[in-house]
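The primary structure of each chain is shown beneath.
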Amino acid sequence: MKNLLLIYPPLVKACEPPVGIARLTACVRHQGVHCDVWDANWQGQMALLQCSTQTGQELPRTRQARSRMQKDLDYLRQPHGYGSFDRYQLAVHRLNHLMRVAAKPFSCTAGLADFLHQRLQPVVSDDLLQAAEHPEELPFHSFFQEQLQRRLAQNCPDLIGVSLNYLSQALCAFSLIGMLRRMIPHIPVMLGGGLITSWMCRPGWRNPFAGLVDDLVAGPGETALLRRLSIADPPAAVPPDYDPLPLQRYFSPGITLPYSASFGCYWNRCAFCPEKAEGRRFQPQTMNRISRDLETLVHRHHPRLLHLTDNALSPRLLHHLIDHPPNAPWYGFTRITAALADVDFCRSLKKAGCVLLKLGVESGDDGVLNGMNKGHSVALASRVLHQLHNAGIAAFVYLLFGTPWEDESAAQATLEFVVRHQREITFINPAIFNQPIEPGQPAQPFYGGDLSLYTDYEHPRAWSRSLVRRFLDRSFKRHPAVAAILRRTPPFFTSNHAPFFCQQEESAQ
Ligand code: SF4
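Cut-offs applied
- Residues numbered from 1 in each chain as written.
- Predicted model: local features only at pLDDT ≥ 70, side-chain atom pairs only at ≥ 80, totals over all residues.
- Heavy atoms only, no water.
- Helix = DSSP H or I, 4+ residues; strand = E, 2+ residues; numbered from the N terminus.
- Rg over C-alpha atoms; globule rule 2.2 N^0.38 Å.
- Buried < 20%, exposed > 50% of the residue type's maximum accessible area, 1.4 Å probe, protein only.
- Contact = heavy atoms within 4.5 Å.
- Areas by Shrake-Rupley, 256 points an atom, 1.4 Å probe, with all protein chains shown as cover.
- Lys, Arg positive; Asp, Glu negative; His and termini not counted.
- Charge placed at Lys NZ, Arg CZ, Asp CG, Glu CD.
- Salt bridge = Lys/Arg side-chain N within 4 Å of Asp/Glu carboxyl O.
- Core = buried A, V, L, I, M, F, W, Y, C linked by side-chain atoms within 4.5 Å.
- Domains from an automatic or database assignment.
- Pairing = 2+ DSSP bridges.
- Axes fitted to C-alpha atoms, helices over the stretch in contact; angles between N-to-C directions.
- Buried area = accessible area lost by both parts, 1.4 Å probe.
- Near = heavy atom within 4 Å.
- Nonpolar A, V, L, I, M, F, W, Y, C, P; charged D, E, K, R; others polar.
- Right-handed = clockwise from strand over helix to strand, strands pointing away.
- Phe/Tyr/Trp six-rings, centres within 6.5 Å; stacked < 30°, edge-to-face > 60°.
- Arc of directions from axis to C-beta.
- Polar contact = N/O pair within 3.5 Å; in protein donor to acceptor, adjacent residues only side chain to side chain.

Student: Explain the overall build of the protein to me, please; I cannot follow it from the model alone.
Tutor: If you tally the helices and strands in the protein, you get 19 helices and 17 strands. Rg of the C-alpha trace for the protein: 23 Å, near the compact-globule value of 23 Å for 509 residues, within the 12% margin. Referenced to the eigenvectors of the C-alpha coordinate spread, the extents of the protein come out at roughly 60 × 55 × 50 Å. By the burial criterion, 56% of the 509 residues in the protein qualify as buried. Sequence separation of 24 or more characterises 77% of the internal contacts of the protein that already satisfy a separation of 6 or more. Summing over all exposed atoms, the protein offers an accessible surface of approximately 21400 Å²; the carbon and sulfur share of this is 49%. Looking at the protein, you have 51 positive and 44 negative side-chain charges, and the mean spots of the two groups are 4 Å apart.

Student: Would you explain the pattern of salt bridges in this entry?
Tutor: Note on pairing: side chains with opposite charge can pair once their charged atoms come close. What the rule picks out here adds up to 13 salt bridges. A salt bridge links Arg 29 to Asp 241, with the nearest nitrogen and oxygen atoms 3.0 Å apart. Pair noted here: Arg 29 is in helix 1 (residues 19-30) and Asp 241 is in the loop between helix 9 (222-228) and strand 8 (256-259), with a separation of 212 residues, a long-range link. A relative accessible area of 34% places Arg 29 in the partly exposed class. A salt bridge links Asp 407 to Arg 461, with the nearest nitrogen and oxygen atoms 3.9 Å apart. Taken together, the residues Asp 407 in the loop between strand 14 (394-401) and helix 16 (408-420) and Arg 461 in the loop between strand 17 (454-455) and helix 17 (465-476) connect sequence positions 54 residues apart. Beyond isolated ion pairs, a larger network of salt bridges with shared partners links Asp 72, Arg 87 and Arg 94.

Student: I tried to follow the nonpolar core on my own but got confused; where do I start?
Tutor: Here is a general trend for soluble globular proteins: nonpolar side chains tend to be buried in one another's company. Trp 199, Trp 330, Leu 340, Leu 349 and Phe 476 are the most contacted members of the largest nonpolar core, which totals 173 residues. Residue-level mapping places this core at the junction of two domains, with at least three residues from each of domain 1 (1-246) and domain 2 (256-508). Once residues within four sequence positions are removed from consideration, Leu 349 is found in contact with Leu 318, Ile 322, Trp 330, Leu 340, Cys 354, Leu 357 and Ile 393.

Student: What am I meant to see in the sheet that holds strand 7 (residues 215-216) here?
Tutor: Paired through their backbone hydrogen bonds, the strands of a sheet run either parallel or antiparallel. Across the sheet, which stays open at both edges, the five strands sit in the order 2-1-5-6-7 with parallel pairing between neighbours. Of all strands in the sheet, those with a lone pairing partner are strand 2 (34-39) and strand 7, marking the two edges. Taken together, the two bridges between strand 6 (residues 189-192) and strand 7 define a ladder with parallel strand orientation. Bridge assignment links Leu 191 to a residue of strand 7, and that residue is Leu 216. Contacting strand 1 (3-8), strand 2 and strand 5 (159-163), helix 1 runs over the sheet at an angle of about 170° to strand 1. Docked against the sheet, helix 2 (residues 40-51) engages strand 1 and strand 2, running at close to 40° with respect to strand 2.

Student: Even after reading the chapter, I still don't get the side chain of Gln 504, so can you show me in this structure?
Tutor: Mapping Gln 504 onto the fold places it in helix 19 (residues 494-508). Excluding anything up to four places from it in sequence, Gln 504 contacts Pro 79, His 80, Tyr 82, Gly 83 and Arg 304.

Student: Any chance you could explain unusual backbone geometry here in plain terms?
Tutor: Leave glycine aside and you will find that most residues have negative phi; peptide bonds, for their part, are mostly trans. Here the bond from Pro 10 into Leu 11 is cis, since omega is 5°, no more than 30 degrees from zero. When you line up the elements, Leu 11 lands in the loop between strand 1 and helix 1. Positive phi values are uncommon outside glycine, yet Ser 107 reaches one of about 60°. One can find Ser 107 in the loop between helix 4 (85-103) and strand 3 (108-110).

Student: Where do I start with the domain arrangement of the protein in this structure?
Tutor: A common way to express how large an interface is: the accessible area buried when the components associate. According to the domain assignment, the protein consists of domain 1 (1-246) and domain 2 (256-508). If you average the C-alpha positions of domain 1 and of domain 2, the two centres end up 26 Å apart. The interface is formed by 44 residues belonging to domain 1 together with 43 residues belonging to domain 2. Of the roughly 3700 Å² buried where domain 1 meets domain 2, counting both sides, 65% is carbon and sulfur surface.

Student: What is the right way to look at the sheet that holds strand 15 (residues 427-432) in this model?
Tutor: The sheet built from six strands is open, its strands ordered 8-11-12-13-14-15 with parallel pairing. Only two strands of the sheet have a single neighbouring strand rather than two, namely strand 8 and strand 15. Along the sheet, successive strands turn relative to each other by an average axial angle of 15°, direction set aside. Bridge count for strand 11 (residues 305-313) against strand 12 (residues 330-334) is four bridges, and the pairing is parallel. From the neighbouring strand, His 307 faces strand 12, where its bridge partner is Tyr 331. Lying over the sheet, helix 16 contacts strand 13 (354-362), strand 14 and strand 15, oriented at roughly 170° with respect to strand 14.

Student: It is not clear to me how the site of the ligand should be interpreted in this structure. Could you clarify?
Tutor: Around the ligand sit Cys 265, Trp 267, Asn 268, Arg 269, Cys 270, Phe 272, Cys 273, Asn 311 and Arg 335, and that is every residue in its neighbourhood. Considered class by class, the residues forming the shell around the ligand number five nonpolar, two polar and two charged.

Student: Quick question: what am I supposed to make of the pairing of strand 15 here?
Tutor: The side chains of a regular strand alternate between the sheet's two faces. Bridge analysis of strand 14 against strand 15 gives six bridges, and the strand direction is parallel. Opposite Leu 400, over in strand 15, you have Ala 431 as the bridge partner. At this point the chain moves from strand 14, through helix 16, to the parallel strand 15, and the crossover so formed is right-handed.

Student: It is not clear to me how the packing of aromatic side chains should be interpreted in this structure. Could you clarify?
Tutor: Considering all chains together, one arrives at 22 aromatic pairs under this definition. A centroid spacing of 6.3 Å and a plane angle of 85° characterise the contact between Trp 38 and Phe 144, whose relative ring orientation is edge-to-face. You can see Trp 38 sitting in strand 2 and its partner Phe 144 sitting in helix 6 (residues 141-154), a full 106 residues away along the chain. For the residue pair Trp 38 and Phe 144, the accessibility class agrees, reading buried in each case. Taking the centre distance of 4.9 Å and the plane angle of 90° together, the rings of Tyr 88 and Phe 501 count as edge-to-face. Separated by 413 residues along the polypeptide, Tyr 88 in helix 4 and Phe 501 in helix 19 bring together distant segments of the chain.

Student: What is the right way to look at helix 13 (residues 343-351) in this model?
Tutor: Helical geometry note: an α-helix holds 3.6 residues per turn, so side chains three or four residues apart project in the same direction. Looking only at helix 13, the buried set comprises Val 343, Phe 345, Cys 346 and Leu 349. An end-on view of helix 13 places all buried positions within 160° of arc, on one side of the element. Looking at the buried residues of helix 13, the elements they touch are helix 12 (315-323), strand 12, strand 13 and helix 15 (378-391). Where helix 13 starts, the residue carrying a side-chain oxygen 2.9 Å from the main-chain nitrogen of Asp 344 turns out to be Asp 342.

Quick look at the structure:
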């Protein structure tokens, strides 16, 4: 029998199990392959929190954070931890501080949601190769070493798969691969995931990791993995397998299960979107399969929350969820569409378990929305926010400032939109536009990184990043209505923890 080890490297938010790894696990186990799964992200963060207890001299703040660590972790894992926002903030800031302290001797900044190195950039392939060459320079080195020795002694795999989805994982992933190369040079390593897919879709892509990684995989990795295992069958339609993951230990109050009902985006038209720039095809699961998978997952794990991870839940899928509710509360990202402007539709969604919708509102100016090709108007966004509020569904609103179609007066219109809808916007995420690198367009990659997905560009209306940042800091975020919304948006975990506050508030009513 074949033996596979799948690894999810640090560092991303450790509030739910990794969905990609769970999908691959289900696929290979269905074929009788023995599959070990290692969530080195969650476990690595626990190791970092604990190793921060070993420093000699420390500040009172660190001492206090250390003495409260276990209580703070327990707090995040219980529903009542989301009953007091102030108490929650204290807990996450203390845990984040402990991670900062542990990573500092390595010239790194680690936190509950980020990982940076002072010198090495995750968008520079030479820096990633250096992390692989000198894994001891990163804070997870001794944790990786101890875990790998133990795991490899118990069960030496025939193949190792590493899932790399976010930039904050890249340096740690390559340092881990460097260690694997030294410890078991003859075992092939496959590297896939969302970030690898984006890199491989980059115009002019050339693989800089050929000497280190045996296979790089773009898109869903099931077919490539089966082929590597010499299995000719196509991937079976089976639900993600979360059994080997530590479901009760993530930083959430009960089990949160992520599920992807599609890959790519059904809309795929927004002018600023990397999904579109990468030319990814929309690949939805069938509605029958979605219902079957969700039913199995809910029956098996009784999740406190389902996280539908699609780029945008299509109106068709939302209708389907109304007709076939998954029997567990859920949340996800969707577009502003006419369907959501109907209060009966919103009430049906609520009845089907929808706690919160993440919405790409982006702007309060119609000219900007048209330029972006968002497919909605300011008036429609207003009606949608109003009806979601009436139906009791929380709105996590995403705004994008500094796009090529915006100027200061359009940004001001967005501020006024938020002020008008302050009662209806539950949480908010204001971001600054990055220009994706597009095929055939001249590019000046950020940080000079050969793997950067974004390029520097000159704003056509001289609404530069520095002016946008000043507007956000001095006008937008300081407006009392916006400040009040930002104050209730969970730090670090943002939309991942936001639904728990909504659930807690509802149960208190
Ligand atoms: S809806 Fe979202 S994922 Fe889809 S094209 Fe627009 S920005 Fe991209």
